[in-house]
Amino acid sequence: MRLEGKVALITGAAAGVEGELMGFGGASARLFTQEGAKVVLTDIKVEEGEKTAAQIRETGGDAVFVRLNVTQEQDWVNAIQTAVSTYGKLDILVNNAGTGARFNVEDTTEELWDSQMDVHAKGTFLGTKLAIPEMRQQGGGSIVNISSIYGIIGSPTSTAYHAAKGAIRLFTKSAAIQYARENIRVNSVHPGYAHTPLTDRGYEDPERLQWSIDRTPIGRVGNAYDIAYGILYLASDESSFVTGSELVIDGGMTAQ
Ligand SMILES: NC(=O)c1ccc[n+]([C@@H]2O[C@H](COP(=O)([O-])OP(=O)(O)OC[C@H]3O[C@@H](n4cnc5c(N)ncnc54)[C@H](O)[C@@H]3O)[C@@H](O)[C@H]2O)c1
(Lines give C-alpha, C1' and ligand atoms only; values in the text may rest on other atoms or scores of the structure.)
Protein backbone atom coordinates (compact mmCIF):
# COMPACT_ATOMS: atom_id res chain seq x y z
CA MET A 1 0.00 0.00 0.00
CA ARG A 2 2.51 2.58 -1.19
CA LEU A 3 -0.12 5.36 -1.49
CA GLU A 4 -2.30 4.55 1.49
CA GLY A 5 -4.41 7.55 2.56
CA LYS A 6 -3.46 9.64 -0.49
CA VAL A 7 -5.81 11.40 -2.89
CA ALA A 8 -4.65 11.76 -6.50
CA LEU A 9 -5.90 13.53 -9.63
CA ILE A 10 -4.64 12.22 -12.97
CA THR A 11 -5.24 13.92 -16.33
CA GLY A 12 -5.53 12.02 -19.61
CA ALA A 13 -6.49 8.90 -17.65
CA ALA A 14 -9.34 7.51 -19.79
CA ALA A 15 -7.41 4.62 -21.36
CA GLY A 16 -7.34 2.10 -18.52
CA VAL A 17 -9.94 -0.43 -19.63
CA GLU A 18 -9.04 -4.04 -18.83
CA GLY A 19 -8.13 -6.02 -21.94
CA GLU A 20 -7.64 -2.91 -24.08
CA LEU A 21 -4.49 -0.97 -24.86
CA MET A 22 -3.77 1.30 -21.89
CA GLY A 23 -2.20 4.74 -21.67
CA PHE A 24 0.13 5.98 -18.94
CA GLY A 25 -2.70 7.80 -17.14
CA GLY A 26 -5.11 4.85 -17.17
CA ALA A 27 -2.43 2.40 -16.00
CA SER A 28 -1.36 4.86 -13.27
CA ALA A 29 -4.96 5.15 -12.05
CA ARG A 30 -5.13 1.36 -11.74
CA LEU A 31 -1.77 1.12 -9.99
CA PHE A 32 -2.51 4.04 -7.64
CA THR A 33 -5.83 2.54 -6.46
CA GLN A 34 -4.16 -0.87 -5.99
CA GLU A 35 -1.63 0.90 -3.76
CA GLY A 36 -4.37 2.43 -1.60
CA ALA A 37 -4.94 5.87 -3.17
CA LYS A 38 -8.32 7.40 -3.92
CA VAL A 39 -8.16 8.62 -7.52
CA VAL A 40 -9.97 11.25 -9.57
CA LEU A 41 -9.52 10.17 -13.19
CA THR A 42 -9.96 12.97 -15.71
CA ASP A 43 -9.95 13.23 -19.52
CA ILE A 44 -11.91 14.70 -22.43
CA LYS A 45 -12.93 11.13 -23.42
CA VAL A 46 -15.90 10.79 -21.10
CA GLU A 47 -17.26 7.35 -22.04
CA GLU A 48 -13.89 5.59 -21.83
CA GLY A 49 -12.97 7.43 -18.63
CA GLU A 50 -16.24 6.47 -16.93
CA LYS A 51 -15.67 2.85 -17.99
CA THR A 52 -12.15 2.79 -16.54
CA ALA A 53 -13.32 4.30 -13.24
CA ALA A 54 -16.27 1.87 -13.02
CA GLN A 55 -13.95 -1.12 -13.60
CA ILE A 56 -11.60 0.12 -10.89
CA ARG A 57 -14.52 0.37 -8.45
CA GLU A 58 -15.72 -3.15 -9.41
CA THR A 59 -12.36 -4.54 -8.32
CA GLY A 60 -12.47 -2.75 -4.96
CA GLY A 61 -10.62 0.45 -5.86
CA ASP A 62 -11.84 3.92 -4.96
CA ALA A 63 -12.13 6.12 -8.07
CA VAL A 64 -14.36 8.66 -9.78
CA PHE A 65 -14.22 10.17 -13.25
CA VAL A 66 -14.56 13.90 -14.01
CA ARG A 67 -14.44 15.51 -17.47
CA LEU A 68 -11.46 17.87 -17.57
CA ASN A 69 -10.06 19.63 -20.62
CA VAL A 70 -6.65 20.68 -19.30
CA THR A 71 -6.61 23.85 -21.42
CA GLN A 72 -9.70 25.23 -19.62
CA GLU A 73 -9.14 26.85 -16.23
CA GLN A 74 -12.77 26.44 -15.14
CA ASP A 75 -12.58 22.68 -15.81
CA TRP A 76 -9.58 22.56 -13.45
CA VAL A 77 -11.45 24.44 -10.75
CA ASN A 78 -14.35 21.97 -11.03
CA ALA A 79 -12.16 18.85 -11.04
CA ILE A 80 -10.09 19.90 -8.03
CA GLN A 81 -13.29 20.84 -6.22
CA THR A 82 -14.61 17.34 -6.94
CA ALA A 83 -11.44 15.78 -5.48
CA VAL A 84 -11.80 17.84 -2.31
CA SER A 85 -15.57 17.40 -1.91
CA THR A 86 -15.42 13.64 -2.64
CA TYR A 87 -12.23 12.67 -0.84
CA GLY A 88 -11.47 15.67 1.42
CA LYS A 89 -8.10 16.77 0.01
CA LEU A 90 -5.55 16.54 -2.81
CA ASP A 91 -2.05 15.06 -2.30
CA ILE A 92 -0.95 14.05 -5.81
CA LEU A 93 -1.40 15.57 -9.27
CA VAL A 94 -0.26 13.79 -12.43
CA ASN A 95 -0.21 16.13 -15.45
CA ASN A 96 -0.33 13.48 -18.16
CA ALA A 97 -2.82 14.62 -20.84
CA GLY A 98 -1.29 15.12 -24.27
CA THR A 99 -1.48 14.69 -28.02
CA GLY A 100 1.14 14.24 -30.74
CA ALA A 101 1.87 16.36 -33.82
CA ARG A 102 4.49 15.00 -36.20
CA PHE A 103 5.39 17.98 -38.43
CA ASN A 104 8.64 19.70 -39.30
CA VAL A 105 9.10 23.44 -38.72
CA GLU A 106 7.70 24.61 -42.08
CA ASP A 107 4.67 22.32 -41.95
CA THR A 108 3.75 23.41 -38.42
CA THR A 109 0.88 25.90 -38.62
CA GLU A 110 0.39 28.61 -36.02
CA GLU A 111 -2.80 26.84 -34.91
CA LEU A 112 -0.98 23.54 -34.40
CA TRP A 113 1.81 25.27 -32.47
CA ASP A 114 -0.72 26.94 -30.18
CA SER A 115 -2.68 23.73 -29.60
CA GLN A 116 0.49 21.82 -28.64
CA MET A 117 1.61 24.56 -26.26
CA ASP A 118 -1.93 24.72 -24.82
CA VAL A 119 -2.41 21.05 -24.03
CA HIS A 120 1.09 20.38 -22.72
CA ALA A 121 2.60 23.60 -21.35
CA LYS A 122 -0.51 25.58 -20.40
CA GLY A 123 -2.36 22.49 -19.15
CA THR A 124 0.52 21.57 -16.84
CA PHE A 125 0.84 25.17 -15.64
CA LEU A 126 -2.89 25.53 -14.86
CA GLY A 127 -3.06 22.22 -13.00
CA THR A 128 0.03 23.00 -10.94
CA LYS A 129 -1.18 26.49 -10.11
CA LEU A 130 -4.59 25.30 -8.93
CA ALA A 131 -3.37 22.20 -7.07
CA ILE A 132 -0.76 24.01 -4.97
CA PRO A 133 -3.21 25.79 -2.59
CA GLU A 134 -4.90 22.43 -1.81
CA MET A 135 -1.55 20.71 -1.25
CA ARG A 136 -0.36 23.54 0.97
CA GLN A 137 -3.34 22.90 3.26
CA GLN A 138 -2.16 19.29 3.69
CA GLY A 139 1.41 20.33 4.44
CA GLY A 140 2.75 19.10 1.12
CA GLY A 141 2.14 17.13 -2.05
CA SER A 142 3.63 15.61 -5.19
CA ILE A 143 3.17 16.86 -8.74
CA VAL A 144 4.33 14.58 -11.54
CA ASN A 145 4.55 16.15 -14.99
CA ILE A 146 4.72 13.85 -17.99
CA SER A 147 7.19 15.30 -20.48
CA SER A 148 9.00 12.98 -22.93
CA ILE A 149 12.44 12.10 -24.22
CA TYR A 150 11.27 14.58 -26.88
CA GLY A 151 11.45 17.23 -24.13
CA ILE A 152 15.21 16.52 -23.87
CA ILE A 153 16.38 15.71 -27.40
CA GLY A 154 15.28 16.55 -30.96
CA SER A 155 13.96 14.35 -33.79
CA PRO A 156 13.24 14.83 -37.51
CA THR A 157 9.58 15.75 -36.82
CA SER A 158 7.26 16.81 -33.97
CA THR A 159 8.52 20.44 -33.79
CA ALA A 160 5.78 21.91 -31.59
CA TYR A 161 5.62 18.73 -29.47
CA HIS A 162 9.36 19.04 -28.70
CA ALA A 163 8.95 22.70 -27.75
CA ALA A 164 5.92 22.01 -25.55
CA LYS A 165 7.50 19.01 -23.79
CA GLY A 166 10.69 21.03 -23.28
CA ALA A 167 8.57 23.75 -21.66
CA ILE A 168 7.17 21.17 -19.22
CA ARG A 169 10.71 20.10 -18.30
CA LEU A 170 11.82 23.62 -17.27
CA PHE A 171 8.47 24.65 -15.80
CA THR A 172 8.85 21.63 -13.51
CA LYS A 173 12.22 22.82 -12.18
CA SER A 174 10.94 26.36 -11.72
CA ALA A 175 7.92 25.21 -9.70
CA ALA A 176 10.04 22.67 -7.77
CA ILE A 177 12.39 25.28 -6.33
CA GLN A 178 9.56 27.71 -5.57
CA TYR A 179 7.61 25.21 -3.45
CA ALA A 180 10.29 22.90 -2.05
CA ARG A 181 10.19 24.58 1.37
CA GLU A 182 6.46 23.87 1.52
CA ASN A 183 7.10 20.19 0.92
CA ILE A 184 5.40 20.31 -2.48
CA ARG A 185 7.60 18.28 -4.81
CA VAL A 186 7.48 18.69 -8.60
CA ASN A 187 9.22 16.25 -10.94
CA SER A 188 9.09 15.35 -14.62
CA VAL A 189 8.93 11.93 -16.28
CA HIS A 190 10.48 11.42 -19.72
CA PRO A 191 9.08 8.31 -21.41
CA GLY A 192 10.72 6.91 -24.51
CA TYR A 193 8.89 5.19 -27.36
CA ALA A 194 5.88 3.34 -25.92
CA HIS A 195 2.85 1.53 -27.33
CA THR A 196 -0.30 3.29 -26.07
CA PRO A 197 -3.50 4.60 -27.69
CA LEU A 198 -1.49 7.70 -28.65
CA THR A 199 0.99 5.74 -30.78
CA ASP A 200 -1.22 2.79 -31.76
CA ARG A 201 -2.15 4.05 -35.22
CA GLY A 202 1.42 4.97 -36.05
CA TYR A 203 2.69 1.59 -34.87
CA GLU A 204 0.27 -0.20 -37.22
CA ASP A 205 2.94 0.70 -39.77
CA PRO A 206 5.59 -1.99 -39.14
CA GLU A 207 8.35 0.28 -40.50
CA ARG A 208 7.54 3.01 -38.01
CA LEU A 209 7.42 0.54 -35.13
CA GLN A 210 10.78 -0.92 -36.24
CA TRP A 211 12.26 2.61 -36.43
CA SER A 212 11.40 3.11 -32.74
CA ILE A 213 12.67 -0.36 -31.73
CA ASP A 214 15.94 0.19 -33.63
CA ARG A 215 16.57 3.38 -31.62
CA THR A 216 15.86 1.72 -28.27
CA PRO A 217 18.86 -0.25 -26.89
CA ILE A 218 16.64 -2.60 -24.84
CA GLY A 219 15.16 -3.76 -28.18
CA ARG A 220 11.46 -3.13 -27.65
CA VAL A 221 9.10 -0.20 -27.19
CA GLY A 222 7.69 0.43 -23.70
CA ASN A 223 4.19 -0.21 -22.38
CA ALA A 224 1.95 1.83 -20.09
CA TYR A 225 3.02 0.03 -16.91
CA ASP A 226 6.74 0.61 -17.65
CA ILE A 227 5.98 4.31 -17.20
CA ALA A 228 3.24 4.04 -14.53
CA TYR A 229 5.67 2.40 -12.06
CA GLY A 230 7.95 5.44 -12.35
CA ILE A 231 5.01 7.80 -11.84
CA LEU A 232 4.02 5.77 -8.76
CA TYR A 233 7.50 6.19 -7.25
CA LEU A 234 7.48 9.97 -7.72
CA ALA A 235 3.91 10.24 -6.39
CA SER A 236 4.71 8.26 -3.23
CA ASP A 237 6.58 9.31 -0.10
CA GLU A 238 9.42 6.96 -1.17
CA SER A 239 10.66 9.91 -3.26
CA SER A 240 10.40 12.47 -0.43
CA PHE A 241 13.93 13.88 -1.15
CA VAL A 242 13.34 14.04 -4.92
CA THR A 243 12.23 17.33 -6.48
CA GLY A 244 13.01 19.17 -9.70
CA SER A 245 14.37 15.92 -11.13
CA GLU A 246 13.89 14.15 -14.47
CA LEU A 247 13.02 10.48 -14.47
CA VAL A 248 13.93 9.07 -17.90
CA ILE A 249 12.20 5.76 -18.71
CA ASP A 250 13.25 5.01 -22.26
CA GLY A 251 14.96 1.63 -22.60
CA GLY A 252 18.30 3.42 -22.95
CA MET A 253 17.29 5.59 -25.90
CA THR A 254 18.81 8.86 -24.65
CA ALA A 255 21.91 7.17 -23.19
CA GLN A 256 23.35 6.86 -26.71
N1 LIG B 1 3.28 6.90 -25.95
C2 LIG B 1 4.50 7.43 -26.05
O3 LIG B 1 5.36 6.92 -26.79
C4 LIG B 1 4.85 8.67 -25.26
C5 LIG B 1 6.20 8.99 -25.09
C6 LIG B 1 6.55 10.09 -24.36
C7 LIG B 1 5.57 10.88 -23.78
N8 LIG B 1 4.25 10.56 -23.95
C9 LIG B 1 3.26 11.42 -23.28
O10 LIG B 1 2.58 10.67 -22.31
C11 LIG B 1 1.30 11.24 -22.06
C12 LIG B 1 0.25 10.15 -22.09
O13 LIG B 1 0.16 9.62 -23.39
P14 LIG B 1 -0.14 8.09 -23.72
O15 LIG B 1 0.90 7.68 -24.69
O16 LIG B 1 -0.31 7.32 -22.48
O17 LIG B 1 -1.49 8.14 -24.58
P18 LIG B 1 -3.04 8.27 -24.17
O19 LIG B 1 -3.73 8.55 -25.46
O20 LIG B 1 -3.51 7.15 -23.36
O21 LIG B 1 -3.07 9.56 -23.23
C22 LIG B 1 -3.36 10.84 -23.61
C23 LIG B 1 -4.74 11.21 -23.08
O24 LIG B 1 -4.82 12.64 -23.04
C25 LIG B 1 -6.15 12.97 -23.37
N26 LIG B 1 -6.21 14.37 -23.80
C27 LIG B 1 -5.82 14.91 -24.98
N28 LIG B 1 -6.07 16.22 -24.99
C29 LIG B 1 -6.62 16.53 -23.79
C30 LIG B 1 -7.08 17.73 -23.19
N31 LIG B 1 -7.05 18.90 -23.86
N32 LIG B 1 -7.57 17.68 -21.94
C33 LIG B 1 -7.62 16.50 -21.26
N34 LIG B 1 -7.21 15.34 -21.78
C35 LIG B 1 -6.72 15.35 -23.02
C36 LIG B 1 -6.55 11.99 -24.45
O37 LIG B 1 -7.96 11.92 -24.55
C38 LIG B 1 -5.89 10.71 -23.96
O39 LIG B 1 -6.79 9.93 -23.20
C40 LIG B 1 1.12 12.34 -23.11
O41 LIG B 1 1.41 13.60 -22.52
C42 LIG B 1 2.17 11.99 -24.15
O43 LIG B 1 2.59 13.12 -24.87
C44 LIG B 1 3.87 9.46 -24.66
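Residues numbered from 1 in each chain as written. Predicted model: local features only at pLDDT ≥ 70, side-chain atom pairs only at ≥ 80, totals over all residues. Heavy atoms only, no water.

Take the packing of helix H3 (residues 73-87) against helix H4 (residues 110-137) next. It is the contact of H3 with H4, at a shortest axis distance of 10 Å, that shows an interaxial angle of 35°. Considering only the axes of H3 and H4, their crossing is right-handed. Between H3 and H4, the contacting residues are Glu73, Trp76, Val77, Ile80 and Val84 on the first element and Gly123, Leu126, Gly127, Leu130, Ala131 and Glu134 on the second. Its residues placed into classes, the contact of H3 with H4 shows seven nonpolar, two polar and two charged. (Axes fitted to C-alpha atoms, helices over the stretch in contact; angles between N-to-C directions. Helix = DSSP H or I, 4+ residues; strand = E, 2+ residues; numbered from the N terminus. Left-handed = near helix turned anticlockwise from the far one by under 90°. Contact = heavy atoms within 4.5 Å. Nonpolar A, V, L, I, M, F, W, Y, C, P; charged D, E, K, R; others polar.)

On to the packing of aromatic side chains. Within this structure, the stated rule accounts for five aromatic pairs. Measuring from centroid to centroid gives 6.3 Å for tyrosine 150 and tyrosine 161, while their planes differ by 80°, and the two rings are edge-to-face. A residue pair is termed long-range when its members are at least 10 positions apart, and tyrosine 150 in the loop between strand S5 (141-146) and helix H5 (159-179) and tyrosine 161 in helix H5 qualify at eleven residues. Per residue, the accessibility class of tyrosine 150 equals that of tyrosine 161, and both read buried. Geometrically, the ring pair formed by tyrosine 225 and tyrosine 229 is tilted, given 6.3 Å between the ring centres and 45° between the ring planes. Of this pair, tyrosine 225 and tyrosine 229 both sit in helix H8 (residues 224-235), separated by four residues, roughly a single helical turn. On the basis of relative accessibility, which here comes to 27%, the residue tyrosine 225 falls in the partly exposed class. Taking relative accessible area as the criterion, tyrosine 229 reaches 46% and is therefore assigned partly exposed. One aromatic cluster in this structure is built from Tyr150, Tyr161, Tyr193 and Trp211. (Phe/Tyr/Trp six-rings, centres within 6.5 Å; stacked < 30°, edge-to-face > 60°. Buried < 20%, exposed > 50% of the residue type's maximum accessible area, 1.4 Å probe, protein only.)

What follows deals with the pattern of salt bridges. Tallied over the full model, the rule gives ten salt bridges. Among the salt bridges present, the one from arginine 136 reaches glutamate 182, with a minimum N-O distance of 2.6 Å. Remark: glutamate 182 occurs in the loop between H5 and strand S6 (184-191) and arginine 136 occurs in helix H4; sequence separation between them is 46 residues. For arginine 136, a relative accessible area of 41% gives the class partly exposed. Residue classification places glutamate 182 among the partly exposed positions, given a relative accessible area of 29%. For arginine 220, the salt bridge identified is with aspartate 226, shortest N-O distance 2.9 Å. Residue class for arginine 220 comes out partly exposed when judged on its relative accessible area of 41%. The class of aspartate 226 is partly exposed, set by a relative accessible area of 26%. Salt bridges here are not isolated pairs; linked through shared partners, they connect Arg169, Lys173 and Glu246. (Salt bridge = Lys/Arg side-chain N within 4 Å of Asp/Glu carboxyl O.)

Now for the environment of glutamate 73. Residue placement: glutamate 73 occurs in helix H3. Sequence separation between glutamate 73 and glycine 61 is twelve residues, and the spatial gap between their C-alpha atoms is 28 Å. Leaving out residues up to four positions away in the same chain, glutamate 73 has contacts with Leu126 and Leu130.

Nothing here speaks to function; it is geometry throughout.
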